Amino acid sequence: MILTDIAETVSRGVGDMGASVTGVFQAPAIRLGVTGLSRAGKTVFITSLVANLIDRGRMPQLRAAATGAIKAAYLQPQPDDTVPRFDFERHLAAMTGTEPRWPDSTRAVSELRLSLRVQPGGLLGSFSGPRTVHLDIVDYPGEWLLDLALLDQSYDSWSQAALAAMRTRPQGQQAAALIAAADPAEPLSETRAQALAESFTHYLREAREAGFSDCSPGRFLLPGEMEGSPALTFAPLPPVDRAPRGSLRREMERRFEAYKSQIVKPFFRDHFSRIDRQVVLVDALGAIHSGPQAVADLRGAMAGILGAFRPGRNSWLSSILGRRIEKILFAATKADHLHHSQHARLTAIMEALVKDARSRADFAGAQTAAMSIAALRATVEETMTHQGRSLDCVRGTLLDSGRRAAFHPGDLPDDPARLLAPASEGRTEWLDEDYEIMRFAPAPLTLRPGEGPPHIRLDRAAEFLLGDKLT
Ligand code: GDP
């Protein structure tokens, strides 16, 4: 163990001790991490979950809501003063206004505290009276979890892998050419470093747009407050025998190491290590629509993300983890793009995507589950007859044209291997089906008193993640 690690472990230990001593006098708090790659649905999920916990009329599968054990739920100041607050009110207003729109997506870490007043049932409950449970929701980009893998890599090994990925992706050709033209041994020029970093970032962004999931380093896409800082102004370079002091290569390496120690490690230490329960949101339908390569890439990215939940693999992470994550939910989002007759298939695909990582260590004893959900239901179901065949469709307002349309995205296979196999065989097109995805606008809502926004299985997700703490 290196010295800085010892210092980090000790400082965390002291912090924890303080928390547990004062904790005796405080209401229990559950720290729920919400993550997923960009556009997986984190912002919509948190907004709808909180709204549906405040107004619980649509939460029958959350037992404590159905039995009336939750007496009230209200927002409170969050415990961490230096973390941006999740902008719940603005996001909810966007989703439920007279002209509803999707809220702005997650760009960095944020937090929100919802406190629940709970009256447990049974004999014990009638003696003990109501108690308060704080739910601290921490929203953070899944891209930042992928950075964990960087901690085990040197600048050279990372560069080699990054350049290899770049060359295989059409979006990487320009950046690859620019890097190939650079001389790693030349004296550092800031203009050159910036041009390389810009081109590299541009490629990562384009690759992400094209459906590739693993586009790390995570802060290049979602820099948060770090935008423009030297720790984000580097790019991979091919290995060289000798790179003199003050050369481009040496400075790139130094910045790469600064990225690891000053950006990646603090995130894991200050945020990730304090999470009790976790939901990992996955836009599996989006990847399926983008094709076999995107699915293969999503699978790889999931393995990377899940690596963070099996800390045994990373000794630095094990050393700073204060507590164990107790439950992890893997949720395929936007299930309202599919008729419910296909939801079980989507769940099976979600399970298959995380199966390898899940079976290996089962996340150090964490309880895990997979589900298909829609945090905000934007469609209604409809069965139509098309060319003599009955088709299960969903109907909604298309985001681009504002037109209402019924839509059948294609039949997902019963066996997830039919999707995963072509992906691992390197195919670029699906053979037997086309999977289309439309973007629907959120539907105008007329909510009755006590009702939150419409969703699919958000109550089951909440029961899995929180149910045991609310009875
Ligand atoms: P984030 O980047 O993970 O915060 O993703 P967002 O929560 O901003 O969601 C990204 C986009 O996915 C939204 O703008 C919507 O277009 C879509 N989306 C998210 N959740 C749902 C859902 O439950 N149903 C539908 N139809 N679309 C959704």
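Our subject is the structure listed above.
Cut-offs and rules
- Residues numbered from 1 in each chain as written.
- Predicted model: local features only at pLDDT ≥ 70, side-chain atom pairs only at ≥ 80, totals over all residues.
- Heavy atoms only, no water.
- Axes fitted to C-alpha atoms, helices over the stretch in contact; angles between N-to-C directions.
- Helix = DSSP H or I, 4+ residues; strand = E, 2+ residues; numbered from the N terminus.
- Parallel < 35°, antiparallel > 145°, perpendicular 65-115°, else oblique.
- Contact = heavy atoms within 4.5 Å.
- Nonpolar A, V, L, I, M, F, W, Y, C, P; charged D, E, K, R; others polar.
- Salt bridge = Lys/Arg side-chain N within 4 Å of Asp/Glu carboxyl O.
- Buried < 20%, exposed > 50% of the residue type's maximum accessible area, 1.4 Å probe, protein only.
- Near = heavy atom within 4 Å.
- Polar contact = N/O pair within 3.5 Å; in protein donor to acceptor, adjacent residues only side chain to side chain.
- Areas by Shrake-Rupley, 256 points an atom, 1.4 Å probe, with all protein chains shown as cover.

1. Side note on the packing of helix α13 (residues 292–307) against helix α16 (residues 417–424)
No. 1: As a packed pair, α13 and α16 sit with axes 8 Å apart at the nearest point and diverge in direction by 95°. The angle between the axes of α13 and α16 places the two elements in the roughly perpendicular class. Where α13 approaches α16, its residues Pro292, Gln293, Val295, Ala296 and Arg299 are matched on the opposing element by Leu420, Pro422 and Ala423.
No. 2: For the contact of α13 with α16, a count of residues per class yields six nonpolar, one polar and one charged.

2. Comments concerning the environment of Ala165
No. 1: Of note, Ala165 is situated in helix α7 (residues 155–168).
No. 2: Note: C-alpha distance between Ala165 and Tyr155 (10 residues apart in sequence) is 15 Å.

3. Here's the deal with the pattern of salt bridges
No. 1: Applying the stated rule across the entire model yields 28 salt bridges.
No. 2: Note that Asp156 is salt-bridged to Arg249, the shortest N-O span being 3.2 Å. Residue Asp156 is located in helix α7, and its partner Arg249 is located in helix α11 (residues 248–270); the two are separated by 93 residues in the primary sequence.
No. 3: Its relative accessible area of 25% is what places Asp156 among the partly exposed residues.
No. 4: Across the pair Arg254 and Glu251 runs a salt bridge whose closest N-O atoms are separated by 2.9 Å.

4. Observations regarding the site of the ligand
No. 1: Lining the immediate environment of the ligand, one finds 19 residues, of which Arg39, Lys42, Thr43, Ser105 and Arg439 sit closest.
No. 2: At 2.7 Å from an oxygen atom of the ligand is found a main-chain nitrogen or oxygen belonging to Arg39.
No. 3: Between the ligand and Lys42 there is a distance of 2.8 Å, counted from an oxygen atom to a side-chain nitrogen or oxygen.
No. 4: In the complex, 98% of the free accessible area of the ligand, which totals 580 Å², lies under the protein chains.
No. 5: For the shell around the ligand, the residue count by class is eight nonpolar, six polar and five charged.

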